[in-house]
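Fold and contact review
What follows is the residue order along each chain.
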Amino acid sequence: MNVADAMTPREDVVTVDLPGTRSDVLEYLQERSFSSVPVVKPTDNGPEYRGLVSRDTLIEQPDEDQLVMLMDDVPTTTRETALEEVARTMVEEGARRVPVVDGEFEGIITVTDVIHAIATGDQETDDTVGGYASEDVNTTYEGAPLPVAERELSYANVPYTVALDDEGGVSGVLTEVDIIEVARIVEGEEETGNNFPDQDSEWSWEGIKGVGSRYLPTRDIEIPNGPVREFMSEDVVTVSTEKTIQEAAQQMISNDIEQIPMVTGEQLVGIVCDVDILEALYE
């Protein structure tokens, strides 16, 4: 298969135009559960691809409003590129969405598109998930405040955490999507004085540098303080070490998830992430 066989064509891709603001992107990320949105510049010759704005960047830069300052530089591909090759790019570059560009923006291919090709058998692999799962599992306590869990995801550089109950058993899964769905932007103003007010406030996302005694506008992303158990998915899909890559891909597509805890009996032994099983296509 080539990229053209699995990609989402331009007419079906949600994009935002330059010039634009973070609010334009946040709306799509919350409503559609996307991980990122392509940014294009309309021209007489068609839309010109400029970059991607990801949910990670929106969270990491709460004080930036202009899309041009929020765009990530990510690899692109073409319609004729083999699916195995774009899968390699996704794994090596950590790119979940790869824009398809040939002079103008033609569409996008995502990790989910490749997983769908594996699930349907269009891209064959006979391997089992045990060889591609990670034994290092990001976890958190189900009673932890949601802002704490968000910081854990950020520091671990993963899009999920497995929630554990009082006995250490798996009680749910919390993802970046769950967090972005309940996040909201709060605007206001603060008096800077001559120091760094609120720099060390508990769970503070933004400190305002002292630039004299005056007021400056502020923008923070506010995350509810409720416990993880209120926002996580409780219906946890699991997989055994002997499941095939295709079976795991089918579970991901049918349940609309990006990672599956791997268990032996009731014991958590690893995590199977969609981007990891892409390696089975080119190894």
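Residues numbered from 1 in each chain as written. Predicted model: local features only at pLDDT ≥ 70, side-chain atom pairs only at ≥ 80, totals over all residues. Heavy atoms only, no water.

Some points on the overall build of the protein
Definition in use: Strands are runs of DSSP state E lasting at least 2 residues, helices are runs of H or I lasting at least 4, and numbering of each runs from the N terminus. Summary of the burial criterion: residues with accessible area below 20% of their type's maximum are buried, those above 50% are exposed, and those between are partly exposed, where the area comes from a 1.4 Å probe applied to protein chains only. Contact between two residues is taken to exist if any of their heavy atoms lie within 4.5 Å; hydrogens are not considered. Only the protein chains shown count as cover for residues, and the accessible areas themselves come from Shrake-Rupley with a 1.4 Å probe.
Along the backbone of the protein there are nine helices and 13 strands. Per-residue burial for the protein yields a buried fraction of 42% across its 283 residues. Long-range pairs, those at least 24 residues apart, make up 59% of the contacts in the protein between residues at least 6 apart in sequence. Counting only carbon and sulfur atoms, one obtains 40% of the accessible surface of the protein, whose full area is about 14,300 Å².

Thoughts on the pattern of salt bridges
Threshold: Salt bridges, as used here, are contacts in which a Lys or Arg side-chain nitrogen is within 4 Å of a carboxyl oxygen on Asp or Glu.
Under the defined criterion, the tally for this structure stands at seven salt bridges. A salt bridge links Glu 48 to Arg 50; its shortest N-O distance comes to 2.7 Å. With a relative accessible area of 33%, Glu 48 lands in the partly exposed category. For Arg 50, a relative accessible area of 40% translates into the label partly exposed. A salt bridge links Glu 92 to Arg 88, with the nearest nitrogen and oxygen atoms 3.8 Å apart. Of the two residues, Glu 92 and Arg 88 both sit in helix H4 (residues 83-93), four residues apart, roughly one turn of that helix. A single network of salt bridges, built from pairs that share partners, joins Arg 96, Glu 258 and Asp 274.

Concerning the nonpolar core
Let me state the cut-off plainly: Throughout this description, the term nonpolar core refers to a set of buried Ala, Val, Leu, Ile, Met, Phe, Trp, Tyr and Cys residues connected via side-chain atoms within 4.5 Å.
Counting residues in each nonpolar core, the largest one holds 34 residues, and the members touching the most others are Met 90, Ile 109, Ile 115, Val 272 and Leu 278. Only helix H1 (3-6), H4, strand S5 (97-102), helix H5 (111-119), helix H8 (245-255) and strand S12 (259-264) provide two or more residues apiece to this core. For this core, the element with the most residues is H5, which contributes six residues. Those residues in contact with Leu 278, other than ones at most four positions away along the chain, are Ala 87, Met 90, Val 91, Val 111, Val 114, Ile 115 and Ile 118.

Regarding unusual backbone geometry
At the junction of Leu 18 and Pro 19, the peptide bond is cis and its omega measures out at -5° in the coordinates. Within the secondary structure, Pro 19 is located in the loop between strand S2 (16-17) and helix H2 (22-32). In this structure, Asn 157 is a non-glycine residue whose phi angle is positive, near 60°. Take Asn 157: it is sitting in the loop between helix H6 (146-156) and strand S8 (160-164). The class of Asn 157 is exposed, set by a relative accessible area of 66%.

Regarding the confidence of the model for the protein
Spelled out, the test is: Predictor confidence is given residue by residue as pLDDT, running from a minimum of 0 to a maximum of 100.
For the protein, the mean per-residue pLDDT works out to 82, and 85% of the residues sit at or above 70. Confidence, expressed as mean pLDDT per element, reaches its minimum in the protein at strand S11 (residues 215-222) with 50 and its maximum at strand S7 (residues 139-141) with 95. Confidence drops under a pLDDT of 50 for residues 189-219, and excluding neighbours within four residues, the segment shows 69 contacts in the predicted structure.

A few points about the sheet that holds strand S4 (residues 48-54)
The following threshold applies: Strand pairing is defined by DSSP finding a minimum of two bridges between the two strands.
Here we have three strands laid out as an open sheet, ordered S2-S3-S4, and mixed in their pairing. Each edge of the open sheet carries a strand with a single partner, namely S2 and S4. Here two bridges tie S2 to strand S3 (residues 36-41), and the two strands are oriented parallel to one another. Within the sheet, the bridge partner assigned to Asp 17 lies in S3 and is Val 40.

Examining the environment of Leu 281
Secondary-structure assignment places Leu 281 in the segment after helix H9 (274-277). Its relative accessible area of 11% is what places Leu 281 among the buried residues. Here the alpha-carbon distance between Leu 281 and Asp 127, two residues 154 residues apart in the chain, equals 9.6 Å.

Structural notes on the pairing of S3
Judged by how many residues are buried, S3 sits mostly within the fold: five of six residues are covered. Inspection of the sheet shows S3 paired to S4 by six bridges, in the antiparallel sense. Counted as the bridge partner of Lys 41 is Glu 48 from S4. Hairpin remark: S3 followed by S4, antiparallel, with six residues in the connecting loop; positive phi at Gly 46, about 110°.

Structural notes on the packing of H5 against H8
Packed helices, taken two at a time, are described by their axes: the angle between them and the distance between them. Selection criterion: Axis lines are fitted through C-alpha atoms, for helices just across the contact stretch, and the angle between N-to-C directions can take any value from 0 to 180 degrees. Small angles under 35 degrees read as roughly parallel and large ones over 145 as roughly antiparallel, with 65 to 115 read as roughly perpendicular and the rest as oblique. The sense of a crossing depends on the near helix, which, turned anticlockwise from the far helix by less than a right angle, makes the crossing left-handed and, turned clockwise, makes it right-handed. Residue classes follow a fixed rule: Ala, Val, Leu, Ile, Met, Phe, Trp, Tyr, Cys and Pro count as nonpolar, while Asp, Glu, Lys and Arg count as charged, and any other residue, Gly among them, counts as polar.
Direction vectors running N to C along H5 and H8 enclose 125°, while the axes themselves pass 8 Å from each other. Classified by the angle their axes make, H5 and H8 are oblique. Helix-helix and strand crossings are classified by hand; for H5 and H8 the assignment is left-handed. Side by side, H5 and H8 meet where Thr 112, Ile 115, His 116, Ile 118 and Ala 119 of the first sit next to Ile 245, Gln 246, Ala 249, Gln 250, Met 252 and Ile 253 of the second. Within the contact of H5 with H8, the residues separate by chemical class into seven nonpolar, four polar and no charged.

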